[in-house]
Amino acid sequence: PGMPRDLPGSFAFLSQGVVLGLRRLGVPAEIESAPDATRDALCYVRTQGTNVVAHGRKISGGAQRRTRWAVLQHGTVIVVRDEARMARIFRTDEAFIRSRVTCLADFGLAPSREQLVEAITEGFREALGPLEAGDPMSRYTPPAPVQGNP
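Just so it is clear, the structure is predicted and the values come from calculations on it, not from any experiment.

Parameters at a glance
Counting restarts for each chain, with residues numbered from 1 along the sequence as it is written. Side-chain atom pairs in this predicted model are given and counted only at pLDDT of 80 or more, local residue features only at pLDDT of at least 70, and totals for whole chains, interfaces and linings cover all residues. Note that the side-chain values use all heavy atoms of the structure and ignore hydrogens as well as water. Where helices are involved, their axes are fitted lines through C-alpha atoms of the stretch in contact, as for all axes, and angles between N-to-C directions lie from 0 to 180°. Helix and strand labels come from DSSP, where a helix needs a run of H or I of at least four residues and a strand needs a run of E of at least two; each type is numbered from the N terminus. Throughout, the term roughly parallel applies to angles under 35 degrees, roughly antiparallel to angles over 145, roughly perpendicular to angles from 65 to 115, and oblique to all others. Should the near helix be turned counterclockwise from the far one by less than a right angle, the crossing is left-handed, whereas a clockwise turn marks it as right-handed. Contact criterion: two residues are considered in contact whenever any of their non-hydrogen atoms come within 4.5 Å of each other. A pairing counts as a salt bridge when a side-chain nitrogen of Lys or Arg comes within 4 Å of a carboxyl oxygen of Asp or Glu. Burial classes: relative accessible area under 20% of the type maximum marks a residue as buried, over 50% as exposed, and values in between as partly exposed (1.4 Å probe, protein chains only).

Let us look at the packing of helix H1 (residues 7–25) against helix H4 (residues 113–128). To describe two helices that pack against each other, one gives the angle between their axes and the distance between the axes. The geometry of H1 relative to H4 is characterised by a closest axis approach of 7 Å and an angle of 130 degrees between their N-to-C directions. Taken together, the axis directions place H1 and H4 in an arrangement best described as oblique. Between H1 and H4 the crossing geometry is right-handed. The segment H1 lies against H4, with Phe13, Leu14, Gln16, Gly17, Val18, Leu20, Gly21, Leu22, Arg24 and Leu25 engaging Leu116, Ala119, Ile120, Glu122, Gly123, Phe124, Glu126, Ala127 and Leu128.

Shown next as structure tokens:
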């Protein structure tokens, strides 16, 4: 209920939870929408669609699958960024990546996985209202990180 039927509108609507969650962590996140203007291989440097940005640089990206009956949106939040690796993989300049992409570490933040999940979950509760009776997110426990990953 209340979700726009158009692609940019539904992206912005569903991304509000991420924006509000990041703000809970102290990141000045906002929604930015731009017409489809680029086809860079590295999706985080594209200036197209609806994105979550902080100080004009992308911090969260997502994708959406739509059917007649449902919308599935998934996304990422960049915690730390390795622009040297990204530059090698995508054959682009590190400075270009730094100019377009930011991360939580750029804001002096290093939340645990649990803190990040909690902030984003609360952001979605604030954006979309309480979940159905029983609110399954109140019982959600994030899985343990895979060995070797923080």
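After that view, the rundown keeps rolling.
Under the counting rule described, the total for this entry stands at six salt bridges. With a shortest N-O distance of 2.6 Å, Glu83 and Arg81 are connected by a salt bridge. Arg81 shares its class with Glu83; the two are buried. Glu122 is paired through a salt bridge with Arg125; the nearest N and O atoms lie 2.4 Å apart. Placement of the pair is Glu122 and Arg125 together in helix H4, with a separation of three residues, close to one helical turn. When its relative accessible area of 21% is taken as the criterion, Glu122 is described as partly exposed.

Further remarks concern the side chain of Ser15. Considering the arrangement of structural elements, one finds Ser15 in helix H1. Excluding anything up to four places from it in sequence, Ser15 contacts Ile31, Val52 and Gln73.

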